[in-house]
Amino acid sequence: MSQSNVLAIAELTADTCPPALHWPAYNRSDVVPGIAHIGVGGFHRAHQALYLDDYMARTGELNWGICGIGIRPADKGFLDTLARQHGLYTLTEKDDDVIRDRVIGSLTDVLFAPDDPQRVVDTLAQPGIRIISTTITEGGYLYDFEQQRFFHDHPDVQHDLSNREQPKTIYGYLWQALEARSKLGAGGAVTLLSCDNVPHNGDVFRKALLSFLEQADATLCDWVSSQVSFPNSMVDRITPAPGVADQQAVLKRHGVVDPCAVGAETFIQWVIEDNFKAGRPALEQVGVQFTSDVSPYETAKLRLLNGSHLMMGFIGYLAGYTRVDNAIKDPVILQLVEDYMTLDAAPTLTPIADMPLDAYQRQLIERFGNSKIADQQQRICSDGYAKLKNYLMPVLADVMAAGGDTSRLSLLFASFLKYLDGVNDAGEPMPIIEFNLSEAQREASSADRLSLLKVDALFGERPDDNRTRFLEDVASHLAGIRSRGAYVYLQRMMQGG
Ligand code: CS2
C-alpha cells in the first residue's frame, strides 16, 4: 500500500471508505444517543456497540446511538484518540474460516469523565438517555462478592461521598445524574444495564448503588427503587486485548490507519432479562435473546466458558503456552478442560431448552482453538484471584455438596498459586496482572501461598472437614508442581499416576 493511498479512519466518509471495510449502513449524522455506556474497552466495542450498529442499520431507528464514557484515569489516552476519530473504529471478526472487517458507527460521542465530570453527569441525566450500561469489570462494582456487600470503606467511595464535584467511582457520577433524573419523576426513569461477567450482575449493581446512595442521599433510594431497573444479563464474545496486530492488519488490507481497531471471534451472544424501565431497542431483531430469568444462561456461561479459561489458563501458562489456541490443542490440556466441563461443571447446571449444553461445550472447545484471534493466556489469567472466587468457588461449593471429585479443582487452585510466582516451567518470567493482590501481598505470601486461600471469603477461619481436605490436596498438588513442573505433573495426573 503506497503512502498516498493511506487514510486515517477519522477522515473516512461513506464515499471514501474502501467497500471491503463496510461503512455503517445508516446516516451517522442523524444518530442521537439513547444509551450511555461506561467502559469503552475492547469488549464493549466488539459486542454491544456492534449489536447497536446492526440494529440501526437494520431498522433505521437512529435514536439508539451510544455515548461512550470512560472514568478510569488510565483510559484517557485511548479515549482521546477515539474521540478524535469521532467514535469510529474498525472491528475485525475472525475465525479459522472467516475474516470480516467493518467500521462501527454506533458510538456517537466519547467522553473521558475526569476531564469534565459535569458534562458526563449532564449526559447521564438527559431523559433521552434511556439506558445506562456498563462494562467496568468485577473491580469496578466495589462489591465484595462473597460477603455480598458493598465496599463502603473503599477510599474511592469515601472520596466520592465528600467530593461530589470530582467523582472517582461510577456511583459518584450516578448519584448526581439520578438526583437530576428524580426531579422528573417517572419521566426520569432509566435502565441500568450491567454487561460484566459477574454472577447476577444486575442484582449486584442495584445492591451496590443503593448501598452507596444510602450514605450519599437516602432520600433518593425510593425513587431509584421504583423508577430504575437493573436487568441481569449474560454477555459473550471472546475479545483478546486489542493490540497493534489488529491495527496493522486493517492497514494492510484496506490502507486505513486505526489506532482503536479491535479484533474478536465471530461468535456472539447476549441474553438479557426483559426489564427495561424506559423502553429499549428491539434488539431481538439482531439476535439478542430476551428472557425473564437469565440465571441458567449466565451460570452455564460463567462455569463452562470462563471456568474453563481458568482451568487451562494457569496450567497452560506455566507449561509455556502464551496463546489459548495453542494450549487447547495440547491433548493433555484438552482432556483436562473436557473433563472439567463434563464431570465437574455440567452436572451443576440446569438444562436450557435453547442452549443445549453438550453442543455448547463442543463449540467452546472450537472457540478456544480459534488461531486467528490468538487469544492471550496472560489475559485469561489476569485478575485470576477475583475470577477464581467468582467463577470457580460456586462450582467447587456445588461439587463438594454433591460429594463429587474435586481433584481437578484442587489442581486449578494449586496452579493459580504457583502462577503467582511469576515463573513458568522453563524458568522464564511470566507477566502477571492481579488487581486484587498487591505486589506486597504476593511477596509476603511467597513462602506460604496457601495463606492466600485461608481467608474468610474462600476457606474461612475454621474450614470444615471437606474444605480442610481440599486445602491439603491443593498443598500436595502445589508441591508436585514445584518439584516436577506443572506440565509433567498434569500429564501424570491425567494418566492416573
Ligand atoms: C475471560 C473472558 O478473562 C476472562 O475472564 O474468560 O474475558 C471471556 O473471554 C469472555 O467472558 C467471553 O465472553
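This structure is a prediction, so every number in the text was calculated from the model and none was measured.

A. Representation of unusual backbone geometry within the structure. In this model, Thr 137 sits at a positive phi of 65°, which is unusual for a non-glycine residue. Here Thr 137 lies in helix α5 (residues 137-140). On the basis of relative accessibility, which here comes to 45%, the residue Thr 137 falls in the partly exposed class. For His 200, which is not glycine, the phi dihedral falls at a positive 55°. Topologically, His 200 is positioned in the loop between β10 (190-194) and α8 (201-217). Given the relative accessible area of 36%, His 200 is considered partly exposed.

B. The arrangement of the sheet that holds strand β12 (residues 233-236) in detail. With mixed pairing, three strands are arranged side by side in an open sheet as β12-β15-β16. Across the chains shown, the open sheet's two edge strands, defined by having one partner strand only, are β12 and β16 (289-291). The average angle at which neighbouring strand axes cross in this sheet is 15°, direction not considered. Sheet topology places β12 next to strand β15 (residues 269-273); four bridges connect them, and they run antiparallel. Residue pairing for β15: Asp 236 is matched across the bridge by Gln 269. This element, helix α11 (residues 295-318), spans β12, β15 and β16 of the sheet and lies at about 35° to β12.

C. Region of interest: the packing of aromatic side chains. Within this structure, the stated rule accounts for 17 aromatic pairs. Each ring, one from Tyr 317 and one from Tyr 419, has its centre 6.1 Å from the other, and the planes form 40°; the classification is tilted. Taken together, the residues span a long stretch of sequence, with Tyr 317 in helix α11 and Tyr 419 in helix α17 (residues 407-419) at a distance of 102 residues. Across the pair, exposure class does not vary: Tyr 317 and Tyr 419 are buried alike. Feature note: the residues Phe 314, Tyr 317, Tyr 385, Phe 416 and Tyr 419 constitute an aromatic cluster, connected by ring pairs. Over the face of the ring belonging to Trp 175 we find Arg 164, whose NZ or CZ atom lies 4.6 Å from the ring centre.

Calculation criteria
- Residues numbered from 1 in each chain as written.
- Predicted model: local features only at pLDDT ≥ 70, side-chain atom pairs only at ≥ 80, totals over all residues.
- Heavy atoms only, no water.
- Helix = DSSP H or I, 4+ residues; strand = E, 2+ residues; numbered from the N terminus.
- Buried < 20%, exposed > 50% of the residue type's maximum accessible area, 1.4 Å probe, protein only.
- Pairing = 2+ DSSP bridges.
- Axes fitted to C-alpha atoms, helices over the stretch in contact; angles between N-to-C directions.
- Contact = heavy atoms within 4.5 Å.
- Phe/Tyr/Trp six-rings, centres within 6.5 Å; stacked < 30°, edge-to-face > 60°.
- Lys NZ or Arg CZ within 6 Å of the ring centre and 35° of its normal.

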